Amino acid sequence: MLTRRQKHILLKFFSMFSVVRGYNVLIVVIAQYLTAVYILAYDKPLKAVVFDLNLLMLVLASSVTIAGGYIINSFYDSEKDLINRPIKSRLDRLVSQNTKLSFYFVLNFIAVIMASYVSFKAVLFFSIYIFAIWFYSHKLKRLPFIGNLTSAILTITPFFAIFMYYKNFETVIFVHAIFLFLIIAMRELTKDLENIKGDIAQNYVTIPVAFGEKTSKIMLTILAALTLVPTYLLLYRFEVGNMYIFFYLSFLLLLVFLFMLWRSKTKTQYLILHNILKFIILAGVFSILLIDVSVILNRI
């Protein structure tokens, strides 16, 4: 049996894990390594990529920076989350705001130290990234269009760290990035629809608040249509191996998304749409393995 103190510590741990979205951070780590192995450094021996200490430092620096970003975002959104995510908010509040801020600064310091192992350019990159996350959470998040665009860019920024490290400028990588960016932009706008009540209460001028739900749905439809361009290119102009399964699945899921979108009116319905997009992103991460299922055996 756990003592009362041990239970209290365990609750604090789960609270902080919830604040930093530990599950999301883990997915980013997996995604960065899969991207490095299968896309950015596909011509290098597997061991040279997996056991590359510089890559490890970049991935860890990205992870702690993202975790810190979730903390500062939670700090500024604490009142809004009481309306939009009451259950999660109660769990998050088990850790004081002062403790969260202290942890935030520690994580950012660790990120810079890790980046310094790689190069001064890496330190500069993560310093700018850390500032950009703070500025987004403090100011930009409240602005329509700019907030959505910035959030989508910040989400894919960690991949630019390893992209610049390997200096692989093949066109197919940019096409993959465009597809991911469009799906993330859709997710951000859907999230705004889901959280519209809290945004109105806290004076967040998001796209749904400023222009209405119908305009937001039109924008989501346009973004969904735009995903057809990178999807077509990846299926018919580039070699993606068995990953074609993912793109056909994504196309079907986006059709379901649009069908449900124009019939959605409640927070629960928008949450379902949000989860469809999250599933596409998650499936996209693990479908990288389908590019060449034998790559692990061939490169050992």
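Before reading further, recall that the structure is shown in the block above.
In this report, we go over the structure that sits alongside the text. (Residues numbered from 1 in each chain as written. Predicted model: local features only at pLDDT ≥ 70, side-chain atom pairs only at ≥ 80, totals over all residues. Heavy atoms only, no water.)

**Overview of the pattern of salt bridges**
When their charged atoms lie close together, side chains carrying opposite charge are able to pair. Applying the stated criterion across every chain yields a total of four salt bridges. Across the pair glutamate 194 and lysine 267 runs a salt bridge, and its minimum N-O distance is 4.0 Å. Of this pair, glutamate 194 sits in helix H10 (residues 171–194) while lysine 267 sits in helix H16 (residues 267–287), placing them 73 residues apart in sequence. For glutamate 194, a relative accessible area of 8% puts it in the buried group. Using a relative accessible area of 36% as the deciding quantity, one classes lysine 267 as partly exposed. (Salt bridge = Lys/Arg side-chain N within 4 Å of Asp/Glu carboxyl O. Helix = DSSP H or I, 4+ residues; strand = E, 2+ residues; numbered from the N terminus. Buried < 20%, exposed > 50% of the residue type's maximum accessible area, 1.4 Å probe, protein only.)

**Topic: the nonpolar core**
Across soluble globular proteins, nonpolar side chains show a tendency to be buried alongside one another. One finds Leu55, Met186, Phe257 and Ile280 to be the most contacted residues of the largest nonpolar core, which totals 82 residues. Here the element with the most residues in this core is H10; it accounts for eleven residues. Once you skip the residues sitting within four places of it in the chain, methionine 186 turns out to touch Leu220, Leu223, Ala224, Thr227, Leu254, Phe257 and Leu277. (Core = buried A, V, L, I, M, F, W, Y, C linked by side-chain atoms within 4.5 Å. Contact = heavy atoms within 4.5 Å.)

**What to know about the side chain of glutamine 32**
Within the element layout of this structure, glutamine 32 appears in helix H2 (residues 22–40). Setting aside residues no more than four positions away along its own chain, glutamine 32 makes contact with Val59, Ser62, Pro158, Phe159 and Ile162.

**Section: H10**
Over its 24 residues, H10 runs 35 Å from end to end, which matches the ideal 34 Å to within 8%, given 1.5 Å per residue. Most of H10 is tucked away, with 17 of its 24 residues classed as buried. (Expected span 1.5 Å × (residues − 1).)

**Here we look at the side chain of threonine 227**
Position of threonine 227 among the secondary structure elements: in the loop between helix H13 (213–226) and helix H14 (228–236). Setting aside residues no more than four positions away along its own chain, threonine 227 makes contact with Phe179, Leu182, Ile183, Met186 and Leu254.

**Let's talk about the packing of aromatic side chains**
Scanning the entire structure with this criterion turns up 18 aromatic pairs. Measuring from centroid to centroid gives 5.5 Å for phenylalanine 163 and phenylalanine 174, while their planes differ by 80°, and the two rings are edge-to-face. Of this pair, phenylalanine 163 sits in helix H9 (residues 146–166) while phenylalanine 174 sits in helix H10, placing them eleven residues apart in sequence. For phenylalanine 163, a relative accessible area of 7% corresponds to the buried category. Geometrically, the ring pair formed by tyrosine 232 and tyrosine 236 is tilted, given 5.2 Å between the ring centres and 40° between the ring planes. Of this pair, tyrosine 232 and tyrosine 236 both sit in helix H14, four residues apart, roughly one helical turn. (Phe/Tyr/Trp six-rings, centres within 6.5 Å; stacked < 30°, edge-to-face > 60°.)

**Some points on the environment of alanine 201**
Structurally, alanine 201 can be placed in helix H11 (residues 196–201). For alanine 201 and threonine 150, which are 51 residues apart along the polypeptide, the C-alpha to C-alpha distance reads 22 Å.

**Some details on unusual backbone geometry**
Positive phi outside glycine occurs at phenylalanine 145, with the angle close to 65°. Take phenylalanine 145: it is sitting in the loop between helix H8 (120–138) and H9. Classification of phenylalanine 145 by relative accessible area gives partly exposed; the value is 41%. Non-glycine residue lysine 167 carries a positive phi angle of around 50°. Mapped onto the fold, lysine 167 is located in the loop between H9 and H10.

**Thoughts on a nonpolar patch on the surface**
On the surface, a cluster of nonpolar side chains totalling about 490 Å² of accessible area is made up of Leu10, Phe13, Phe14, Phe17 and Tyr23. Take the nonpolar patch: its biggest share by element is four residues, from helix H1 (residues 4–19). Tracing the backbone shows leucine 10 in helix H1. Accessibility expressed as a relative area gives 39% for leucine 10, which makes it partly exposed. (Patch = residues over 30% accessible without salt bridge, like charges linked within 9 Å, V, L, I, M, F, W, Y side chains within 5 Å. Areas by Shrake-Rupley, 256 points an atom, 1.4 Å probe, with all protein chains shown as cover.)

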